[in-house]
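Listed here are the chains, written in short residue letters.
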Amino acid sequence: MSEQQAAPKSRPSRGHAREALLQAASRRFYADGLAGTGIDAITAEAGVAKKSLYNNFASKAELVTAYLNARHDEWMGLYRLRLERAAGPKERVLGVFDAYADHADLAYEHGFRGCGLLNAAAELPAGDAGRVVVRRHKEEVEALLAGHVTELLPHAPQQAASLARHLAFLLEGSMARAGLEGNDQCVQEARRIAATLIGGL
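Let me sum up the structure you'll find in this document. Quick caveat: nothing in here was measured; it's all calculated off a predicted structure.

Attention now moves to the nonpolar core. Core analysis: the largest hydrophobic core is formed by 61 residues, its most contacted members being Leu-68, Trp-75, Leu-145 and Leu-167. Breaking this core down by element, the ones donating at least two residues are α1 (14-32), α2 (39-46), α4 (60-85), α5 (89-104), α6 (116-121), α7 (129-152), α8 (157-181) and α9 (185-199). If we skip the residues at most four places from it in the chain, Leu-145 touches Val-93, Val-96, Phe-97, Ala-164, Leu-167 and Ala-168.

Okay, here's the thing in structure tokens:
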């Protein structure tokens, strides 16, 4: 077969195209924001046709929701790695903080700029499906903390719930500041405060 008769390059499979689009969207949404990222920028970075995007996602809003779910899954993966190394409930509590620090330390194109989930939620209207994903993530993180604190205070469930909420707010506040400062130092400081709070339990 001559070069002129050679078969054209095969198109990426649907599954590959979806993953390429999601990865490109993740980079662009985090770096430039939801409103600042157009469909053309995503498809260009993914190396696929615009039609391919709509073959995989019904709308940009559906792509945003998929991105937010992917961010949650990414964090859960980091948390599970920390959980595997934790020797007891105190280390499991601190492992939640460590997983957030790990997330801050990932390689970002324009540097770390805070929690991608909260950044996105700030751009979405009340009632948006994406905000539901973000709220569910934050509630799950607090529930993880509550579970680990309950191990430390098995006979004081109300105290455990109150402390877990305190720790969740400490964590979120530190992430907000870390996003402004562009590094994990505030999260590390919050971890030290958390270690003091649970040290005597």
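Next comes the rest of the account.
Axes are the key here: two packed helices are described by the angle between their axes and the distance separating the axes. Where α5 contacts α7, the axes come no closer than 7 Å and their chain directions differ by 155°. If you check the angle between α5 and α7, you find them roughly antiparallel. Helix-helix and strand crossings are classified by hand; for α5 and α7 the assignment is left-handed. Taken together, the residues of α7 that come into contact with α5 (itself represented by Pro-89, Lys-90, Arg-92, Val-93, Val-96, Phe-97 and Tyr-100) are His-137, Lys-138, Val-141, Leu-145, His-148, Val-149, Glu-151 and Leu-152. When its residues are assigned to classes, the contact of α5 with α7 shows 9 nonpolar, 2 polar and 4 charged.

In this structure, Asp-184 sits in the loop between α8 and α9. For the buried Asp-184, no salt bridge is present, and the opposite-charge side chain at shortest range is Arg-82, 7.9 Å distant. Residues within four places of Asp-184 in sequence aside, it is in contact with Ala-101, Ala-104 and Asp-105.

Moving on, we come to α5. An α-helical segment advances 3.6 residues per turn. Residues three or four places apart therefore align on the same side. The terminal C-alpha atoms of α5 lie 23 Å apart, and with 16 residues this matches the ideal 22 Å at 1.5 Å per residue to within 8%. Here α5 lies mainly inside the structure; 13 of its 16 residues are buried.

Moving on to the packing of aromatic side chains. By the definition in use, this model includes 5 aromatic pairs. The interplanar angle of 25° and the centroid separation of 4.6 Å between the aromatic rings of Tyr-30 and Tyr-108 together place this pair among those described as stacked. One end of the pair, Tyr-30, is in helix α1; the other, Tyr-108, is in the loop between α5 and α6, with 78 residues separating them in the sequence. Geometrically, the ring pair formed by Tyr-108 and Phe-112 is tilted, given 5.9 Å between the ring centres and 40° between the ring planes. There is no split in this pair, since Tyr-108 and Phe-112 are both buried. It is Arg-113 that lies over the ring of Tyr-30; its NZ or CZ is 5.8 Å from the centre.

Procedures and definitions
- Residues numbered from 1 in each chain as written.
- Predicted model: local features only at pLDDT ≥ 70, side-chain atom pairs only at ≥ 80, totals over all residues.
- Heavy atoms only, no water.
- Core = buried A, V, L, I, M, F, W, Y, C linked by side-chain atoms within 4.5 Å.
- Buried < 20%, exposed > 50% of the residue type's maximum accessible area, 1.4 Å probe, protein only.
- Helix = DSSP H or I, 4+ residues; strand = E, 2+ residues; numbered from the N terminus.
- Contact = heavy atoms within 4.5 Å.
- Axes fitted to C-alpha atoms, helices over the stretch in contact; angles between N-to-C directions.
- Parallel < 35°, antiparallel > 145°, perpendicular 65-115°, else oblique.
- Left-handed = near helix turned anticlockwise from the far one by under 90°.
- Nonpolar A, V, L, I, M, F, W, Y, C, P; charged D, E, K, R; others polar.
- Lys, Arg positive; Asp, Glu negative; His and termini not counted.
- Salt bridge = Lys/Arg side-chain N within 4 Å of Asp/Glu carboxyl O.
- Expected span 1.5 Å × (residues − 1).
- Phe/Tyr/Trp six-rings, centres within 6.5 Å; stacked < 30°, edge-to-face > 60°.
- Lys NZ or Arg CZ within 6 Å of the ring centre and 35° of its normal.

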